[in-house]
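Overview (structure and organization)
Read off the chains here:
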Amino acid sequence: MVDILWELEVASRTKLAEHGERPEGLWVEHVLPQSWGEEWPLADGDTADPASLEQETIARNAKLHTLGNLTLLSGGLNISSGNKSFKKKKKKFEEHTGLLLNKWFEKRDQWTEAEIEERGTALAELAIEIWPGLE
């Protein structure tokens, strides 16, 4: 998955952007963490158990491993971001990563299933530009 996300990173760059080599030790980060909990309330503001069989929980868990929820971070930043709230992750991303894949989060105040879907669609469209046979 790191290779796919890196290719999307490179394709995101314009002619005016910096073009460097792929940094060593990139990890795939789930922006909405796999073990989301109290710091990640549902759309109605309620907190839920990620293992619950409630409809909202099932819908959220279905988005966890989708392209829209994944990004690249250095190992240290990935570990320090962990299961923190979106607000805390966003601040860490702003301070410690220069990847264009992570610029997406700067303009977001929240990270919900809708935002995951929106980013996933944008990255899928970019993937089709890179690999036209995906259509």
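Look a little higher up for the structure.
Residues numbered from 1 in each chain as written. Predicted model: local features only at pLDDT ≥ 70, side-chain atom pairs only at ≥ 80, totals over all residues. Heavy atoms only, no water.

1. Points about helix α4 (residues 86-96)
All of the buried residues along α4 are Phe86, Lys89, Lys90 and Phe93. Buried residues of α4, seen end-on, are gathered within an arc of 100° and therefore sit on one face of the element. When the buried face of α4 is taken as reference, the exposed residues oriented beyond 90 degrees from it are Lys87 and His96. Packed against the buried residues of α4 are β1 (26-30), β2 (70-74) and α3 (75-81). (Buried < 20%, exposed > 50% of the residue type's maximum accessible area, 1.4 Å probe, protein only. Helix = DSSP H or I, 4+ residues; strand = E, 2+ residues; numbered from the N terminus. Arc of directions from axis to C-beta. Contact = heavy atoms within 4.5 Å.)

2. As for a nonpolar patch on the surface
On the surface, Met1, Ile4, Ile128, Trp131 and Leu134 cluster together into a nonpolar patch covering about 440 Å² of accessible area. Within the fold, Met1 resides in the segment before α1 (2-12). Met1 gets classed as partly exposed once you look at its relative accessible area, which sits at 44%. (Patch = residues over 30% accessible without salt bridge, like charges linked within 9 Å, V, L, I, M, F, W, Y side chains within 5 Å. Areas by Shrake-Rupley, 256 points an atom, 1.4 Å probe, with all protein chains shown as cover. Salt bridge = Lys/Arg side-chain N within 4 Å of Asp/Glu carboxyl O.)

3. Brief notes about the pattern of salt bridges
For side chains bearing opposite charge, pairing can occur when the charged atoms are close. Under the counting rule described, the total for this entry stands at 9 salt bridges. Between Glu106 and Lys103 there is a salt bridge, with its nearest N and O atoms 3.6 Å apart. Judged by its relative accessible area of 37%, Glu106 falls in the partly exposed class. In this structure, Arg108 engages Glu118 in a salt bridge whose closest nitrogen and oxygen atoms are separated by 3.4 Å. Of the two residues, Arg108 sits in the loop between α5 (100-103) and α6 (113-130) while Glu118 sits in helix α6, which places them 10 residues apart along the sequence. Taking relative accessible area as the criterion, Arg108 reaches 15% and is therefore assigned buried.

4. Section: the environment of Thr71
Locating Thr71 in the fold gives a position in strand β2. Taking relative accessible area as the criterion, Thr71 reaches 0% and is therefore assigned buried. Between the C-alpha atom of Thr71 and that of Trp27, which follows or precedes it by 44 residues, the distance is 8.2 Å. Not counting residues up to four positions away in its chain, the partners in contact with Thr71 are Leu5, Trp27, Val28, Glu29, Val31, Leu101, Asn102, Phe105 and Arg119. Polar side-chain contacts of Thr71 include one of 2.3 Å to the side chain of Asn102. (Polar contact = N/O pair within 3.5 Å; in protein donor to acceptor, adjacent residues only side chain to side chain.)

5. With respect to the packing of aromatic side chains
The final tally for this structure, using the stated rule, is 5 aromatic pairs. The interplanar angle of 70° and the centroid separation of 6.4 Å between the aromatic rings of Phe86 and Phe105 together place this pair among those described as edge-to-face. Taken together, the positions of Phe86 in helix α4 and Phe105 in the loop between α5 and α6 put the pair 19 residues apart, joining distant regions of the chain. Look at Phe105 and you get buried, because its relative accessible area is 1%. (Phe/Tyr/Trp six-rings, centres within 6.5 Å; stacked < 30°, edge-to-face > 60°.)

6. Observations regarding the nonpolar core
Among the nonpolar cores identified, the biggest contains 13 residues, and Val31, Leu32, Trp36, Trp40, Phe86, Phe105 and Trp111 are the most heavily contacted of them. Each residue touching Val31, except ones within four places of it in the same chain, is listed here: Trp40, Asn69, Thr71, Phe86, Lys89, Phe93, Phe105 and Trp111. Residues Leu72, Leu99, Leu126 and Ala127 belong to the second largest nonpolar core, which totals 12 residues. (Core = buried A, V, L, I, M, F, W, Y, C linked by side-chain atoms within 4.5 Å.)

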